[in-house]
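# Remarks on the overall topology
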Amino acid sequence: MDGENRAASEEPPLPRKRQRKQVKNDDFRQLDSSDDDAPLSEVVKEKKRPNKVKTPRGPKDKFEVEMQENSGRTRKSGSRAQAKRKNNDENIDDTIPKKKKAPVKGDDAIMCHQCQRNDKGRVVWCKLCRKKRFCIPCIERWYSNMSEDEIAAKCPVCRVNCNCKSCLRMKGVTEPPKKDIPKSDIYRYYCYILNLLLPWLKEFQREQKAEKEIEAKIQGVSVSELEIQAAACSDDERVYCDRCRTSIIDFHRSCPECSYDLCLHCCAELRAGCLPGGKEVKIRQYEHRDKKYIFGDVSAGNQTHNKRSSRSQAPLNPPCKIENNKKDENSCFNWKASKVGSIPCAPVELDGCGGPNLELKCMHPEKFLSELELKAEKIVKGKDFSGDAFSMYPCPCFSSSGVVHSEIENLRRAADREGSSDNYIYCPTGKDAMQDTGLTHFQAHWARGEPVIVRNVLEQTSGLSWEPMVMWRALRERTNGKVDSEQFSVKAIDCLDLCEVEINIHMFFTGYEKGRCHSNRWPEMLKLKDWPPASSFYDRLPRHGAEFITALPFPEYTDPRYGPLNLAVKLPEKIIKPDLGPKTYIAYGFREELGRGDSVTKLHCDMSDAINVLMHTAEVEPAKWQMEQIKKLRKKQLQQDLDELQFHASLVASNSEASDIIENSCRMVVSSGQMQEEAAASKSSLDLISQERMTHIVDQQMEPNQHHLLSEINEPEEANGAHYQPSSLVTCEPGETSVGEKKVEYGGALWDIFRREDVPKLSEFLMKHSGEFRHIYCNPIKLVFHPIHDQTFYLTAEHKRKLKEEYGIEPWTFEQKLGEAVFIPAGCPHQVRNLKSCLKVALDFVSPENVRECIRLTEEFRLLPSEHRAKEDKLEVKKIALHAFKEIVEYLMKNPQSSSSELES
């Protein structure tokens, strides 16, 4: 059939749009046949050529056509090939890469140093170096605290605070300068340390002498004839007691067969018939709870939340989180010392061999301590010794009669204790901290165990940005062509259930600035602890590390490189040093106290002294609709608290086994270096498990909680100032007031620091009200090993009110503002709640004033169960103190103060 008849016999043609599509899809397949008709070829040329002119095909399309030609799938006819070549010739300029234009140099250059782009408009030239330029968008985004005039006068590169990628990753960062301390001051500092450490050294030597006498009695020889074996250990080796996990620095007992080591404290406890290293228990995990339960949905829980449930019904939520390890306990009772004091190796169940008696060994020469003490006594008796010079300095905060000068601008009121002179906190500026008189004033407060706040410490630095995105850009680096996984995601802690969540790091930092919330609009509080992980802060962030060192006030105490009053610096190079930081803490914050899911660091004690600097904050304002939803959820959570507290009171009262465990756990609480008396612990446990007492708690204590929370919900503005009540007063800068005269600048973090002498009453309060607190998965706390070292409690404003009402104690409460450094003495329990998104950097140090307190804390840690988070002696403070004492004695012997005139000058 010819073409006309064929066309007439077929159906009417399809719409024009579909016809074009059909031709486009079939052109190459039809061109491959041998009987191609001319009209089709013409149609193809007419339809393809306009398209080629309008949208010329780039190198990618050309490559595809060449691949089709080489594979034999496409064979163009002569006319089509000519048309294609002609088309390619017309567009050949589009496929050839054009040469880049030469960059504009000289005064006409507009390339921004920050973003390396020249298409963002006007730039600001630096008049100092005449080389660097910054565009206006980069100035507004990355240097918002600087004006154009300031950048023109001295650009960020000249100020050494440029946060562009190349400058942040620059190698060979200059080390911050060290403070020039005269030799006369170093001599005074070392005399001061010697005067504080000498009593501890004498006590330590008496313990070793007593053990030496026992060993002489065991061997049947005199003390003078006794020879003690030297332990085989190198300088870069850490030796721990295999029972209590305490660091061993000299005398100890060791098994000759299995090398089981036992410290002298465990030896004394065994001879006294006690369990060495505390009672052994097995920790049970918290029950997993879903988000519905956490947000107050009682139906999402189990039958134990029903008040009408049977008392004998076994709850899914266990009444306790520990179990007595009876096997290990029986093994401990079978492990006894002989009448003469010899101790066999620990049983196999306790990782020993149960074999021969343990041998006394030493890690230093036998006469090392006695000779060291004699040298120290000789120095103390010298005429130039000035060990008590600092203690004689009168604190200018007090009058001659002992009254506080409250009008002094360097004092901040943080408590309202009746009849107390320590309601104020010393708050010097960063410039004051660099003066000699400022250091002496600091020591007057620090020696009394008081916290200190240093303001405006960032004024001493170059002004490098601590914005999280800047730090992330400084951290991102490629190693051998591979990108570290931590650059894309991090493991953060969700403050709602205290579980780890993996999140994209960019999303985390975006939430830091703009906020995040759960599906029901409840604020989502995330925090990063010790970031970047598993690496040295100085190695991964050298510019920020140097900036932090520059910001540290009182470098005599805090500088980790040379601080003469920082005992941790005195460790020899070969000795393994503890990880004292610095460490970065990045967390979201919320001004309102939520009750659940607050961005908090729970009540705890650090193993040493610490300084915490607030480097950056970002405030996220919640919307009104979000606050309304929060009010509804808080009411549901409060009702859930009331129901569960009533139910668990009746459940625990009927469970005798749980009562025994509670009583034992109460006896494990250690306060101020001594265990609480058994009678007091028993009485406390009976009060805790008494149904009448728990009913009283529900009726008399939870109702005020409900009233307090509901008042917060109905009057959020008053709730914002809840911690400014007499129990925790307003924290204004000098010249600022909290009422109308001047707007108060709110801080980024709310701190509560308790006095050391209040620890026994604080522990008793927490044990008494433990059922009102929640921990992992928002489970109520049933038992504690130690109310402070467990780090499971956070005292809300209502808890602090009841604490003062029932026990008459309250913490120092204040808000930490941007650029403020908080000094926390060792042994002071403290807690923190983030009011804004905060980036803090913390550093630990060991001051001579608080060495005794660090040792006391070590004794408390060793009595905790072996699986406890704070069990291990990570600080090794006795090793630090001994090496520091040795170095100081050697220095004072080699550098005697020849005359007192230099000291006076």
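Residues numbered from 1 in each chain as written. Predicted model: local features only at pLDDT ≥ 70, side-chain atom pairs only at ≥ 80, totals over all residues. Heavy atoms only, no water.

## Notes on the pattern of salt bridges
Threshold: When a carboxyl oxygen of Asp or Glu is within 4 Å of a side-chain nitrogen of Lys or Arg, the pair counts as a salt bridge. Comment: elements are numbered from the N terminus, with helices defined as DSSP H or I runs of at least four residues and strands as E runs of at least two. Only protein chains enter the accessibility calculation, which uses a 1.4 Å probe; a residue is then buried when its area is under 20% of its type maximum, exposed when over 50%, and partly exposed in between.
Counted according to the given criterion, the structure contains 39 salt bridges. Between R852 and E203 there is a salt bridge, with its nearest N and O atoms 3.5 Å apart. In this pair, R852 is assigned in helix α30 (residues 851-861) and E203 in helix α11 (residues 183-219), connecting sequence segments 649 residues apart. Put simply, E269 and R862 hold a salt bridge, and the shortest N to O gap is 2.8 Å. You can see E269 sitting in helix α12 (residues 264-271) and its partner R862 sitting in the loop between α30 and α31 (877-894), a full 593 residues away along the chain. Judged by relative accessible area, E269 falls into the buried class, the value being 18%. Judged by its relative accessible area of 3%, R862 falls in the buried class. A network of salt bridges, in which partner residues are shared, links R417, D422, R755, E757 and D758.

## A word on the packing of aromatic side chains
Under the convention used in this document: Here the aromatic set is Phe, Tyr and Trp, taking the six-membered ring for Trp, and pairing holds for ring centres within 6.5 Å; pairs whose planes are under 30 degrees apart are stacked, those over 60 apart are edge-to-face, and all others are tilted. Note on geometry: a ring has a charge over it if NZ (lysine) or CZ (arginine) is within 6 Å of the ring centre and within 35 degrees of the ring normal.
What the rule picks out here adds up to 19 aromatic pairs. Consider the rings of F537 and Y538, whose centres lie 6.3 Å apart with planes at 85°: the pair is edge-to-face. Geometrically, the ring pair formed by F823 and F845 is edge-to-face, given 6.1 Å between the ring centres and 75° between the ring planes. With F823 in strand β24 (residues 821-824) and F845 in strand β26 (residues 837-845), the pair connects residues that are 22 residues apart, well separated along the chain. Here the two residues F823 and F845 agree in accessibility, since each one is buried. Clustering of aromatic rings is evident, with ring pairs tying together F442, W446, F554, Y557, F823 and F845. Directly above the ring of W125 sits R133, whose terminal nitrogen or CZ lies 4.8 Å from the centroid. A cation sits over an aromatic face here: R591 above Y746, 4.0 Å from the ring centre.

## Structural notes on the sheet that holds strand β8 (residues 359-362)
For clarity, the cut-off: For two strands to pair, DSSP has to find at least two bridges joining them. Throughout, a residue-residue contact means that at least one pair of heavy atoms, one from each residue, lies within 4.5 Å. An axis is simply a line fitted to the C-alpha atoms; with a helix, the fit covers only the stretch in contact. Between two such axes, the angle follows the N-to-C directions and lies from 0 to 180 degrees.
Read from one edge of the open sheet, four strands run β3-β8-β4-β5, paired in mixed fashion. This sheet does not close on itself; its edge strands, each paired only once, are β3 (229-230) and β5 (261-262). Direction of pairing for strand β4 (residues 252-254) relative to β8: antiparallel, over a ladder of three bridges. By the bridge assignment for β8, R253 is matched with L360. Sitting on the sheet, α11 touches β4 and β8, and the angle it makes with β4 is about 40°.

## Notes on unusual backbone geometry
Where the residue is not glycine, phi is negative for most of them; where a peptide bond is considered, it is trans in most cases. Following G581, the chain continues to P582 via a peptide bond in cis, the omega torsion being 10°. Tracing the chain through its elements places P582 in the loop between α22 (555-558) and β17 (583-587). At L498, a residue that is not glycine, the phi angle is positive and equals roughly 60°. Taking relative accessible area as the criterion, L498 reaches 26% and is therefore assigned partly exposed. Located in the positive-phi region is Q791, a residue other than glycine, with phi close to 55°. Its place among the elements puts Q791 in the loop between α28 (759-768) and α29 (797-807).

## Here we look at the side chain of E772
Applicable threshold: N or O atoms within 3.5 Å of each other form a polar contact, as long as, within protein, one can give a hydrogen and the other can take it, and as long as residues adjacent in sequence are counted only when both atoms are side-chain atoms.
Looking at the element boundaries, E772 is found in the loop between α28 and α29. Take E772: its relative accessible area is 15%, and that puts it in the buried class. Among the polar contacts listed, one links the side chain of E772 to the side chain of H769, at a separation of 2.9 Å.

## Examining the nonpolar core
For clarity, the cut-off: Within this scheme, the nonpolar core is defined by two criteria: the residues are buried Ala, Val, Leu, Ile, Met, Phe, Trp, Tyr or Cys, and they are joined through side-chain atoms within 4.5 Å.
Within the largest apolar cluster, 121 residues are counted, with the highest numbers of intra-cluster contacts made by L194, F442, F508, W531, F823 and F885. Here the element with the most residues in this core is α11; it accounts for twelve residues. Excluding its chain neighbours within four sequence positions, the residues that come into contact with F823 are F442, W446, P451, V452, V454, P553, F554, T558, A610, I611 and F845. Membership of the second largest hydrophobic core comes to 21 residues, among which are F754, I781, L795 and L803.

## So, the packing of α11 against helix α15 (residues 368-380)
Rule in force here: To sort the angles, those under 35 degrees are grouped as roughly parallel, those over 145 as roughly antiparallel, those from 65 to 115 as roughly perpendicular, and the leftovers as oblique. Each helix crossing is assigned a hand: it is left-handed if the near helix lies turned anticlockwise from the far helix by less than a right angle, otherwise right-handed if that turn is clockwise. For this classification, Asp, Glu, Lys and Arg are treated as charged, while Ala, Val, Leu, Ile, Met, Phe, Trp, Tyr, Cys and Pro are nonpolar and the rest, including Gly, are polar.
Across the interface, α11 lies against α15 with an axial gap of 10 Å and an inter-helix angle of 150°. On the basis of the axis angle, α11 is roughly antiparallel to α15. The hand of the α11/α15 crossing is left-handed. Along the contact surface, α11 presents L194, L198, L201, K202, F204, Q205 and Q208, while α15 presents L369, S370, L372, E373, A376, E377, I379 and V380. Grouping the constituent residues of the contact of α11 with α15 by class yields nine nonpolar, three polar and three charged.

## Some details on the pairing of strand β19 (residues 609-618)
Within β19, nine of the ten residues are buried, which leaves it mostly tucked inside the rest of the structure. Pairing analysis gives nine bridges linking β19 to β26, with the strands arranged antiparallel. Its bridge partner lying in β26, A618 is registered against S837. Two strands pair when backbone bridges link them, and β19 and β24 are joined in this way by four bridges, in the antiparallel orientation. For N612, the partnering residue across the bridge sits in β24 and is V822.

## Comments concerning the packing of α11 against α30
Interaxial distance between α11 and α30 falls to 10 Å at its minimum, and their mutual angle equals 35°. Contacts between α11 and α30 involve L197, P199, W200 and E203 on the former and, on the latter, V851, R852 and I855. Split by residue class, the contact of α11 with α30 holds five nonpolar, no polar and two charged.

Read these as geometric descriptors, not functional statements.
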